[in-house]
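So the chains spell out like this:
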Amino acid sequence: MDISVIVPLYNEEESLPELAQWIERVMAENGFSYEVLFIDDGSTDRSWEVITSLSKSNPAMKGVRFRRNYGKSPALHTGFTRAQGDVVITMDADLQDSPDEIPELYRMITADGYDLVSGWKQKRYDPLSKTIPTKLFNATARLVSGIKNLHDFNCGLKAYRNEVVKHIEVYGDMHRYIPYLAKNAGFSRIGEKVVHHQARKYGSTKFGLDRFVNGYLDLATLWFTGKFGAKPMHFFGLLGSLMFIIGFIAIITVGAMKLYHMYSGMPYILVTDSPYFYIALTMMILGTQLFLSGFIGELVVRNSTDRNKYEIKEEIQ
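Residues numbered from 1 in each chain as written. Predicted model: local features only at pLDDT ≥ 70, side-chain atom pairs only at ≥ 80, totals over all residues. Heavy atoms only, no water.

Description of the overall build of the protein chain
Argument step 1. Per the secondary structure count, the protein chain includes ten helices and eight strands.
Argument step 2. Considering the protein chain as a whole, with its 317 residues, one finds that 45% of them fall into the buried category.
Argument step 3. A separation of at least 24 residues holds for 81% of the contacts in the protein chain among residues at least 6 apart in sequence.
Argument step 4. When the accessible surface of the protein chain is split by element, carbon and sulfur atoms take 59% of a total near 16100 Å². (Helix = DSSP H or I, 4+ residues; strand = E, 2+ residues; numbered from the N terminus. Buried < 20%, exposed > 50% of the residue type's maximum accessible area, 1.4 Å probe, protein only. Contact = heavy atoms within 4.5 Å. Areas by Shrake-Rupley, 256 points an atom, 1.4 Å probe, with all protein chains shown as cover.)

Below, the structure is given as structure tokens:
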């Protein structure tokens, strides 16, 4: 199979028929063999009924229905595990991503040898309240991830080699950083394509400004797990050891200073009356706690379980 198209959605009943028809036309014009995986993230409208109807008229249209709303990352992960195409393409269901971009995205993966190609909505039909935070968010993501050539990390329109989606784990809200996840997994050939951004035709956006705050927190988490996720002891153990050693040396110094003053006949104070004693003691306690945190982190990593278990209500294959 040439292409798997993954469409995560939540309450998009109005746009689905038009999107499916558009994808069908593009695939037929280019002679692609394909499947479309609609991942219904617990919609409360008639989205699943629409997907069922589309599947009856075209077996390439498949669907997975979550029992409740989990979020975009779980929906993408579920699609990734089921994708069979040589090239996997993700797009949003709101018709703001154009299926006409699929042939060129496919060519960039198969002919140009990219592992991942991310869309760049250079001209956006969004209000300033969304575009300005987006620019700041993407600048920060480029700096932290080291992927300098991407302008739009969060664009829903992306293409991947099948091998890439089978080797990355998308959980929480990490869909914003899939290129970073791919890089951390060893897939470094990451490209970008300017794509057409269309104004929303139906419904309203499902995301608020809180996603930018959460996005920065997720980026910090991803940076830390990318650096120390497999070896938390390298961070907590090192920091804890340094704090403990500094605190221990400080306590020895405070005690030695008192003994020196005692035997020299100089005035002295009790060790427990010195503020430096308590600062040093606090550093030793914190150092011990950090070291133990690293040790517990190592145990958790070695015994970690699958974070992506979601209750599926129905599935069309």
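Next comes the rest of the account.
Here's the deal with the pattern of salt bridges
Argument step 1. Using the criterion set out here, one finds twelve salt bridges in the structure.
Argument step 2. In this structure, the salt-bridge partner of Glu35 is Lys62, at a minimum N-O distance of 2.9 Å. Pair noted here: Glu35 is in strand S2 (residues 34–40) and Lys62 is in strand S3 (residues 61–66), with a separation of 27 residues, a long-range link.
Argument step 3. What makes Glu35 buried here is its relative accessible area of 1%.
Argument step 4. Judged by its relative accessible area of 15%, Lys62 is buried.
Argument step 5. The partner of Glu163 in a salt bridge is Arg161, and the shortest N-O contact between them spans 2.8 Å.
Argument step 6. A residue is classified by how much of its surface remains accessible, and Arg161, at 25% relative accessible area, is partly exposed.
Argument step 7. It is possible to trace a salt-bridge network through shared partners that takes in Arg25, Glu29 and Asp100. (Salt bridge = Lys/Arg side-chain N within 4 Å of Asp/Glu carboxyl O.)

So, the sheet that holds S2
Argument step 1. Pairing in this open sheet of eight strands is mixed, and the strands run S7-S5-S6-S4-S1-S2-S3-S8 from one edge to the other. At either margin of the open sheet sits one strand with a lone partner, and together these are strand S7 (190–194) and strand S8 (312–316). Strand-to-strand twist across the sheet, computed as the mean angle between neighbouring axes with direction ignored, equals 15°.
Argument step 2. Where S3 lies against S8, four bridges are found, and the strand directions are antiparallel. (Pairing = 2+ DSSP bridges. Axes fitted to C-alpha atoms, helices over the stretch in contact; angles between N-to-C directions.)

Here we look at the side chain of Lys121
Argument step 1. One can find Lys121 in the loop between strand S5 (116–120) and helix H5 (128–145).
Argument step 2. Residue classification places Lys121 among the buried positions, given a relative accessible area of 8%.
Argument step 3. In this structure the side chain of Lys121 is engaged in a polar contact, spanning 3.1 Å, whose partner is the side chain of Asp97.
Argument step 4. Beyond its immediate chain neighbours, meaning those up to four positions away, Lys121 contacts Asp97, Asp152, Cys155, Val195 and His197. (Polar contact = N/O pair within 3.5 Å; in protein donor to acceptor, adjacent residues only side chain to side chain.)

Details of a nonpolar patch on the surface
Argument step 1. Together, Phe244, Ile245, Phe248, Ile249 and Ile252 make up a nonpolar patch on the protein surface, roughly 470 Å² of accessible area in all.
Argument step 2. Its place among the elements puts Phe248 in helix H9 (residues 233–263). (Patch = residues over 30% accessible without salt bridge, like charges linked within 9 Å, V, L, I, M, F, W, Y side chains within 5 Å.)

Some thoughts on unusual backbone geometry
Argument step 1. Located in the positive-phi region is Asn11, a residue other than glycine, with phi close to 55°.
Argument step 2. Examined against the element boundaries, Asn11 turns out to sit in the loop between strand S1 (3–9) and helix H1 (16–30).
Argument step 3. We classify Asn11 as partly exposed; its relative accessible area is 23%.
Argument step 4. Positive phi outside glycine occurs at Leu95, with the angle close to 70°.
Argument step 5. Looking at the secondary structure, you find Leu95 in the loop between strand S4 (87–90) and helix H4 (102–110).

Points about the pairing of strand S6 (residues 158–161)
Argument step 1. Alignment of S4 against S6, held across four bridges, turns out to be antiparallel. Pairing of Val88 across the sheet is with Tyr160, part of S6.
Argument step 2. Sheet topology places S5 next to S6; three bridges connect them, and they run antiparallel. Across the sheet, Leu116 pairs through a bridge with Tyr160, a residue of S6.

A few points about helix H3 (residues 72–82)
Argument step 1. H3 sits mainly inside the fold: nine of its eleven residues count as buried.
Argument step 2. If you check which residues of H3 are buried, you get Lys72, Ser73, Pro74, Ala75, Leu76, His77, Thr78, Gly79 and Phe80.

Notes on the packing of H1 against helix H2 (residues 47–57)
Argument step 1. For the pair H1 and H2, interaxial distance at closest approach is 10 Å and the crossing angle is 30°. As the angle between them shows, H1 and H2 are arranged roughly parallel. The handedness of the crossing between H1 and H2 comes out as right-handed. Residues Leu16, Pro17 and Ala20 of H1 form the contact with H2, whose own contacting residues are Ser47, Val50, Ile51 and Leu54.
Argument step 2. For the contact of H1 with H2, a count of residues per class yields six nonpolar, one polar and no charged. (Parallel < 35°, antiparallel > 145°, perpendicular 65-115°, else oblique. Left-handed = near helix turned anticlockwise from the far one by under 90°. Nonpolar A, V, L, I, M, F, W, Y, C, P; charged D, E, K, R; others polar.)

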